[in-house]
Amino acid sequence: MKRQLKILLVFLLLLVIAGCNSTNDDKNYTIKFESYSDGVYEDIVIQKAQTVSLPTPTRQGFKFIGWYPSDKYVEGTEVTSNTTIGKDITLHAKWETIEIKVELDLNGGHAEEELETIYNIKATEEINLPKLYKDNYLFIGWFNGSEKVSNKTSFLDDTLLTAKFISMDELEESYQV
């Protein structure tokens, strides 16, 4: 009986030791991405101890800061390609708005009040574009190249806006019958 008990104890001890040495290296983990950009990123399936190359998303008007395990972006929790993933996780892209310059070419016109011609603003920030005046001309609007922009608009990149006018003579000629 003692012998059987000893064998049973040795067997149980071996089971415990074997259980302690087992690893979950065969366990797969899924990394999902919330990029908050135009890009869609496929899930990545990895093994626990495996490092993975993370995508670098792009978003017009913004600079990519990094991937975080929460949309709270807690400092010190950034996930990089050197981070070991030990569970299924959704990574959230952190973005910072970039600074841009919007320059106004008055094209000979003037405003009723003093006017700034260069605006240093954050991308996507709106600015109110002024109405201009020019002797013997009618102001028809602000243009980004050949595209007319609205009075209250936002921009994603450095932009030069040009005031466009039509002469009163030209206007009269087009309406004469």
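Preceding this paragraph is the structure being described.
Being a predicted model, the structure only gives us computed values, none of them experimental.

Notes on a negative patch on the surface
Logical step 1: Together, Asp-169, Glu-170, Glu-172 and Glu-173 make up a negatively charged patch on the protein surface.
Logical step 2: With respect to the element layout, Glu-170 can be found in helix H2 (residues 168–175).

Some remarks on a nonpolar patch on the surface
Logical step 1: Side chains of Leu-138, Ile-140 and Met-168 sit close together on the surface and give an oily, nonpolar patch of about 230 Å² of accessible area.
Logical step 2: Within the element layout of this structure, Met-168 appears in helix H2.

Overview of the packing of aromatic side chains
Logical step 1: Across all of its chains, the model carries 8 aromatic pairs by this definition.
Logical step 2: Aromatic pair Phe-64 and Trp-95: ring centres 5.5 Å apart, planes at 65 degrees, arrangement edge-to-face. On the criterion of sequence distance, the pair formed by Phe-64 in strand E3 (residues 62–68) and Trp-95 in strand E4 (residues 89–97) is long-range, its members being 31 residues apart. Summarising the burial analysis for this pair, Phe-64 and Trp-95 share the class buried.
Logical step 3: Ring centres of Tyr-68 and Tyr-73 lie 5.7 Å apart, and the angle between their planes is 90 degrees; this geometry places the pair in the edge-to-face category.

Points about the sheet that holds E3
Logical step 1: Within the open sheet, the 4 strands sit side by side as E2-E1-E4-E3. Their pairing is mixed. Looking at the sheet topology across the chains shown, the edges are occupied by strand E2 (44–47) and E3. Strand-to-strand twist across the sheet, computed as the mean angle between neighbouring axes with direction ignored, equals 30 degrees.

Here is what the cut-offs are and how they apply
For every chain, the first residue of the written sequence is number 1, and numbering continues from 1 onward in sequence order. Per-residue local features are limited, in this predicted model, to residues with pLDDT of at least 70; the limit for side-chain atom pairs, both in listing and counting, is 80 or more; totals at the level of whole chains, interfaces and linings are taken over all residues. Where side-chain values are given, they derive from all heavy atoms of the structure, hydrogens and water being excluded. For patch building, the residue pool is restricted to those with more than 30% relative accessible area and no salt bridge; the joining distance is 9 Å between like charges and 5 Å between nonpolar side chains (Val, Leu, Ile, Met, Phe, Trp, Tyr). Computed with the Shrake-Rupley method and a 1.4 Å probe, the accessible areas treat only the protein chains shown as cover for residues. What makes a salt bridge here is a side-chain nitrogen of Lys or Arg within 4 Å of a carboxyl oxygen of Asp or Glu, nothing more. Counting rule for charge: Lys and Arg are taken as positive, Asp and Glu as negative, and neither His nor the chain ends is counted. For the purpose of locating charges, the reference atoms are NZ of Lys, CZ of Arg, CG of Asp and CD of Glu. Note on conventions: DSSP H or I runs of at least 4 residues are helices, E runs of at least 2 residues are strands, and numbering of each starts at the N terminus. Pairing of aromatic side chains requires ring centres within 6.5 Å, counting the rings of Phe and Tyr and the six-membered ring of Trp. Pairs whose planes differ by under 30 degrees are stacked, by over 60 edge-to-face, and all others tilted. Residue burial is assigned from relative accessible area. The probe radius is 1.4 Å, only protein chains are included, and a residue is buried under 20% of its type maximum, exposed over 50%, and partly exposed in between. In this description, strands pair whenever DSSP reports at least two bridges between them. Think of each axis as a best-fit line through the C-alpha atoms, taken over the contacting stretch in the case of a helix, with angles from 0 to 180 degrees between the N-to-C directions.

Interpretation note: all reported values are geometric properties and have no functional meaning in isolation.
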